[in-house]
Amino acid sequence: MQDTFNDFEADLADLTKREWLTRLAGVAQAHGFFQPLGKRHFAAHVRRGSTLLVTFESIQGMRALTESAEPLGWQMVRDNDWSHLCLASDGDTWFRDPKVIGLFDHMIDDGFFDDFETILFYGAGPCGYAAAAFSVAAPGARVLAIQPQATLDPRVTEWDDRFVEMRRKNFTDRYGYAPDMLDACDAAFVIYDPAETLDAMHAALFTRPGVTKLRMRFMGDAIQRDLMAMGQLYSLLDAMAEDALTVESFARMHRARRSHPPYLRRLMAALDGQERTDMVEVMARNITSRMKAPRFQRRLAEIEAARTTPAED
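A quick note: this is a predicted structure, and the numbers were derived from the prediction, not measured.

## Quick notes on the pairing of strand 7 (residues 187–192)
The buried count for strand 7 comes to six of six residues, which makes it a mostly enclosed element. Side chains of strand 7 alternate between two faces, with Ala-187, Phe-189 and Ile-191 and Ala-188, Val-190 and Tyr-192 buried alike. Where strand 6 (residues 142–146) meets strand 7, five bridges bridge the pair, whose relative direction is parallel. Considered in strand 7, the bridge of Leu-144 is made with Phe-189. Of the pairings in the sheet, the one linking strand 7 to strand 8 (residues 211–215) comprises five bridges and is parallel in character.

Structure follows, in structure tokens:
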């Protein structure tokens, strides 16, 4: 395996879904294992170093979020010599499938996780739910969940009307209620935008010892995408692996938002909605002084024009 690892490059972009899956499976089998888990899931493992990153991802997300259309963890395999286990779903399933549950039961019985010194679980949205829920299989792991749901059991979260089609799924059996499954972890981090009401309500259910909630106000409902665009997602995983992710270190990393146009546009829209024109002007002047930002330049011009236009009687 060591000899072939130098060839761990697999551009999976611009392939049909069947071709993509075949090539991904080939890479995983060459460096670890590939295991189909029914019609809608699979596991792909790359064995390398003593740090294991377990990611929960959708096929659609993998094919859309990176230029190479590969699992998120493969970059960490190349850069950090980590091992990686990708649990993949075809669509949003929350991984509530007996075959996925059976795989984790089997890995526990076989002592799969005992081979690694540091274990990280990661996911976003439905995959964030799964990262938290299945982390109990590896006591002492660290967990990063972005906008996770705690459960879709309507007896607990009937207020969440986004995923009503999932209410018939069983969220009460093994690996069911995600917040409870974090009791065995070393540390867990939940990232969300408090202005996204339903995300914030789910985040509130994760309030318990050992869980740190990291707020990203004005980042909206696609935080994983924005973190990747800002180049911060891998930095967060690095910090978590080093046991260096804290509220303070996160705040330092989060300064990258100051040059991230989607965040800046959402912030300006919020300030305009509150009619805080003076703050919008200060913000627009700062942004246009350090980066090309036509939208902010136009808004600044509108504010200046309104100031010089005589008021009508």
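That was the structure; now back to the text.
## Re the state of the cysteines
Overall, the coordinates contain zero disulfides when judged by the stated rule. Unpaired in terms of disulfides, Cys-127 finds its nearest cysteine sulfur in Cys-86, a separation of 8.8 Å. Cysteine Cys-185 remains unbridged, with the sulfur of Cys-127 as its closest cysteine sulfur at 19 Å.

## What to know about the pairing of strand 2 (residues 41–46)
Counting buried residues along strand 2, six of its six residues qualify, which places the element largely inside the surrounding structure. Burial along strand 2 is two-sided: the face carrying His-41, Ala-43 and His-45 and the face carrying Phe-42, Ala-44 and Val-46 are both buried. As paired elements, strand 1 (residues 32–36) and strand 2 share five bridges and run antiparallel to each other. For Pro-36, the partnering residue across the bridge sits in strand 2 and is Phe-42. Linking strand 1 back to strand 2 in an antiparallel pair, the connection comprises four residues, with Gly-38 at a positive phi of about 80°.

## Description of the side chain of Arg-96
Structurally, Arg-96 can be placed in the loop between strand 4 (83–89) and helix 4 (98–110). Polar side-chain contacts of Arg-96 include one of 2.7 Å to the backbone oxygen of Tyr-175. Among all residues touching Arg-96, those that are not within four sequence positions of it are Ile-101, Tyr-129, Phe-134, Lys-169, Asn-170, Phe-171, Asp-173, Arg-174, Tyr-175 and Gly-176.

## Details of the packing of helix 12 (residues 261–273) against helix 14 (residues 294–308)
Contact geometry of helix 12 with helix 14 gives a least axis separation of 11 Å together with a crossing angle of 25°. When the axes of helix 12 and helix 14 are compared, the pair comes out roughly parallel. As helix 12 runs across helix 14, the sense of the crossing is left-handed. Where helix 12 abuts helix 14, its residues Leu-264, Arg-265, Met-268 and Asp-272 lie against Arg-295, Phe-296 and Arg-299. Taken together, the residues that form the contact of helix 12 with helix 14 break down as three nonpolar, no polar and four charged.

The rules behind the values
- Throughout, residues of each chain are indexed from 1 in the direction in which the sequence is written.
- Thresholds applied to this predicted model are a pLDDT of at least 70 for local features of residues and 80 or more for the giving and counting of side-chain atom pairs; totals over whole chains, interfaces and linings are not thresholded and use all residues.
- The side-chain figures draw on all heavy atoms in the structure; neither hydrogens nor water molecules are used.
- Exposed residues in this analysis have more than 50% of their type's maximum accessible area, buried residues have under 20%, and partly exposed residues fall in between, with area computed by a 1.4 Å probe over protein chains only.
- Numbering of helices and strands runs from the N terminus; a helix is a DSSP stretch of H or I covering at least four residues, while a strand is a stretch of E covering at least two.
- Being paired, for any two strands, means DSSP has found at least two bridges between them.
- Any pair of cysteine sulfurs within 2.5 Å is marked as a disulfide.
- The term polar contact refers here to a pair of N or O atoms within 3.5 Å; inside protein, the definition further demands a hydrogen-donor-capable atom paired with an acceptor-capable atom, and it admits residues adjacent in sequence only when both atoms are side-chain atoms.
- Contacts between residues were defined by any pair of non-hydrogen atoms, one from each residue, lying within 4.5 Å.
- Simply put, an axis is a line fit to the C-alpha atoms, just over the touching stretch for a helix, and the angle between two N-to-C directions goes from 0 to 180 degrees.
- In what follows, roughly perpendicular refers to angles from 65 to 115 degrees, roughly parallel to angles under 35, roughly antiparallel to angles over 145, and oblique to any angle outside these ranges.
- Should the near helix be turned anticlockwise from the far one by less than a right angle, the crossing is left-handed, and should it be turned clockwise, the crossing is right-handed.
- Gly is put with the polar residues, along with every residue not named as nonpolar or charged; the nonpolar set is Ala, Val, Leu, Ile, Met, Phe, Trp, Tyr, Cys and Pro, and the charged set is Asp, Glu, Lys and Arg.

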